[in-house]
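Architecture and fold: a report
In case you want the letters, here they are:
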Amino acid sequence: MSRVWNFSAGPAALPQAVLERAQREMLDWNGSGASVMELSHRGKLFMGLAAQAEADVRELAAIPDDYAVLFLQGGATQHFAQIPMNLAAEGASADYIVTGHWGEKAASEAAPYVKVDIAASSHADNYVKLPARNGWTLNPAAAYVHYTPNETIHGVEFHDVPEVGEVPLVADMSSDILSRPIDVRRFGLIYAGAQKNIGPSGLVLMIVRRDLLERVTRPMARIFRYAEHAASDSMLNTPNTWGWYLAGLTFQWLKEQGGLAAVAARNDAKAALLYDTIDGSGGYYRNPIDPASRSRMNVPFTLHDAALDAVFLKESEAAGLLALKGHKAIGGMRASLYNAVSLEAVEALTAFMREFATRHG
Ligand SMILES: *Cc1c(COP(=O)(O)O)cnc(C)c1O
């Protein structure tokens, strides 16, 4: 068996220990004689798993009791639309802070359901830096403020939670959730597609302040209403049981790693090693992002000569380094350094980059 070093932006690397455990338990989970995928979500065994996964993520992220934890479907993209349906009354407005591709998408998908005000955007700067907080035009009467703490494609990240006053702050944490401690109380609602830092695709983790679930905004089917999902412990209909199981294993793995503070220290070290390699290459490699807003999770970089891109990709793949091709909107390369990507993987990447620069110098 040969496992590659996987830098995919998503679906992304999972902890090997999690995959090995899932493999061992595939045919006979927890003494049931069946796979976890073959069991009723209403059965005692799966209900136990579901409750344990919630307890583990509550412990990891220190989630207070007045916040609900939901295990949903639809990807982050569906919730771009469902969040305004649930949080904004008809005719209300919401403020969007747009710092890259996903923030743009969140705003455009919300537009049929809420009056979208772009309170700040770094589009004019090609998203290479964050818009200065003192230039944001926040509306104190907005239903919520939405932002994207980490822009997966552009590689730009907020390193502090922005202060937005009393208006609930909504965060699309798809690509940085559980990568460092979270002060949940600063947020009204946090959501994340699982396929970057939590588990497989097809699962969305949501952390939402319970009082926001009481907002009755407009008529809609129960399946769209977060309050209904909370009231039924995310079992309003059949949940993604396999995703929930793998998320639970990942939460346990994160606890074994020492929790989110320890995970954050490792993530900082991984990102520092890669940025130091880029910045120390004498211009051979470049990252365009303002150093104060560089992402620890997704690192886009270009080669000094784009004609070498294809060679770099071919040789890196041959060296066991997977999925370094940049997003088509940006070009160049991108290395994603989620929780499950080890320091060893980043050492292999940076050694390759130095050696490549010497050989093709
Ligand atoms: C990947 C990603 C999305 C899209 O997630 P889907 O689950 O495919 O809908 C949205 N926001 C961010 C920040 C992402 O990284």
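Residues numbered from 1 in each chain as written. Predicted model: local features only at pLDDT ≥ 70, side-chain atom pairs only at ≥ 80, totals over all residues. Heavy atoms only, no water.

1. Quick word on unusual backbone geometry
The omega angle of the peptide bond from Gly-10 to Pro-11 is -10 degrees, so this bond is cis rather than trans. Considering the arrangement of structural elements, one finds Pro-11 in the loop between strand 1 (5–6) and helix 1 (16–24). You will see that Asp-233, though not glycine, has its phi angle at about 50 degrees, which is positive. As for its placement among the helices and strands, Asp-233 is situated in the loop between helix 6 (226–231) and helix 7 (241–256). You will see that Ser-234, though not glycine, has its phi angle at about 60 degrees, which is positive. Position of Ser-234 among the secondary structure elements: in the loop between helix 6 and helix 7. (Helix = DSSP H or I, 4+ residues; strand = E, 2+ residues; numbered from the N terminus.)

2. Some points on the confidence of the model for the protein chain
Model confidence for the protein chain is summarised by a mean pLDDT of 97, while 100% of its residues fall at 70 or above. Across the protein chain, element-level confidence peaks in strand 8 (residues 169–172) with a mean pLDDT of 99 and bottoms out in helix 5 (residues 210–213) with 97. (pLDDT = per-residue confidence, 0-100.)

3. Considering helix 2 (residues 44–61)
Taking 1.5 Å per residue as the helical rise, helix 2 with its 18 residues ought to reach 26 Å, and the 26 Å between its terminal C-alpha atoms agrees with that figure. Listed in full, the buried residues belonging to helix 2 are Phe-46, Leu-49, Ala-50, Ala-53, Asp-56, Val-57, Arg-58, Leu-60 and Ala-61. Elements that come into contact with the buried residues of helix 2 comprise strand 2 (67–72), strand 10 (204–209), helix 5, helix 7 and helix 8 (259–279). Just past helix 2, the residue Ala-62 takes up positive phi, approximately 50 degrees. (Expected span 1.5 Å × (residues − 1). Buried < 20%, exposed > 50% of the residue type's maximum accessible area, 1.4 Å probe, protein only. Contact = heavy atoms within 4.5 Å.)

4. Quick word on a nonpolar patch on the surface
A cluster of nonpolar side chains, Met-26, Leu-27 and Met-37, forms an exposed patch at the surface whose accessible area comes to about 310 Å². Looking at the element boundaries, Met-26 is found in the loop between helix 1 and helix 2. By relative accessible area, Met-26 is classed as partly exposed at 32%. (Patch = residues over 30% accessible without salt bridge, like charges linked within 9 Å, V, L, I, M, F, W, Y side chains within 5 Å. Areas by Shrake-Rupley, 256 points an atom, 1.4 Å probe, with all protein chains shown as cover. Salt bridge = Lys/Arg side-chain N within 4 Å of Asp/Glu carboxyl O.)

5. A word on the site of the ligand
The full set close to the ligand counts 13 residues, and Thr-77, Thr-152, Asp-172, Gln-195 and Lys-196 are the nearest of them. With respect to the ligand, the backbone of Ala-76 contributes an N or O atom lying 3.1 Å from an oxygen atom. The side chain of Asp-172 places a nitrogen or oxygen atom 2.6 Å from a nitrogen atom of the ligand. Summarising the interface, the protein chains cover 87% of the accessible area of the ligand, which totals 390 Å² for the free molecule. (Near = heavy atom within 4 Å. Polar contact = N/O pair within 3.5 Å; in protein donor to acceptor, adjacent residues only side chain to side chain.)

6. Topic: the environment of Arg-286
Tracing the backbone shows Arg-286 in strand 11 (residues 285–286). Its relative accessible area of 48% is what places Arg-286 among the partly exposed residues. Arg-286 sits 82 residues away from Val-204 along the chain, and the two C-alpha atoms are 34 Å apart. Beyond its immediate stretch of four places on either side in the chain, Arg-286 contacts Ile-278, Pro-300, Phe-301, Thr-302 and His-304.

7. Some words on the sheet that holds strand 12 (residues 298–303)
An order of 11-12-14 is seen for the three strands of this open sheet, with the pairing classed as antiparallel. Each edge of the sheet is formed by a strand with only one pairing partner; in this case those strands are strand 11 and strand 14 (333–336). Bridge count between strand 12 and strand 14: four bridges; the pairing is antiparallel. Of the residues in strand 14, the one forming a bridge with Pro-300 is Arg-334. (Pairing = 2+ DSSP bridges.)

8. With respect to the packing of aromatic side chains
For the structure shown, the criterion picks out 16 aromatic pairs. Aromatic pair Phe-46 and Trp-244: ring centres 5.8 Å apart, planes at 90 degrees, arrangement edge-to-face. Note that Phe-46 is positioned in helix 2 and Trp-244 in helix 7, a separation of 198 residues in sequence. Exposure remark for Trp-244: the relative accessible area of 2% places this residue in the buried category. Look at Tyr-285 and Phe-312: their rings are 6.1 Å apart centre to centre, the planes differ by 70 degrees, and that puts the pair in the edge-to-face class. Remark: Phe-312 occurs in helix 9 (residues 309–318) and Tyr-285 occurs in strand 11; sequence separation between them is 27 residues. We classify Tyr-285 as buried; its relative accessible area is 3%. (Phe/Tyr/Trp six-rings, centres within 6.5 Å; stacked < 30°, edge-to-face > 60°.)

9. As for the pattern of salt bridges
It is possible for side chains bearing opposite charge to pair when their charged atoms get close. Applying the stated criterion across every chain yields a total of 15 salt bridges. Across the pair Glu-25 and Arg-21 runs a salt bridge whose closest N-O atoms are separated by 2.8 Å. Arg-186 is the partner of Glu-163 in a salt bridge, and the nearest nitrogen-oxygen pair spans 3.6 Å. On the criterion of sequence distance, the pair formed by Glu-163 in the loop between strand 7 (156–157) and strand 8 and Arg-186 in the loop between strand 8 and strand 9 (189–193) is long-range, its members being 23 residues apart.

10. Concerning the domain arrangement of the protein chain
Here the domain parsing of the protein chain yields domain 1 (17–256) and domain 2 (259–360). A separation of 27 Å is found between the C-alpha centroids of domain 1 and domain 2. Opposite the 26 residues of domain 1 that make contact, domain 2 presents 23 residues. Interface area for domain 1 against domain 2, summed over the two sides, is near 2100 Å², with a carbon-plus-sulfur share of 57%. Counting the surface domain 1 buries against domain 2, the share from its top three residues, Val-128, Ile-153 and Ser-179, is 24%. Taking the shortest distance from any N to any O, the salt bridge between Glu-157 and Arg-296 comes out at 2.7 Å. (Domains from an automatic or database assignment. Buried area = accessible area lost by both parts, 1.4 Å probe.)

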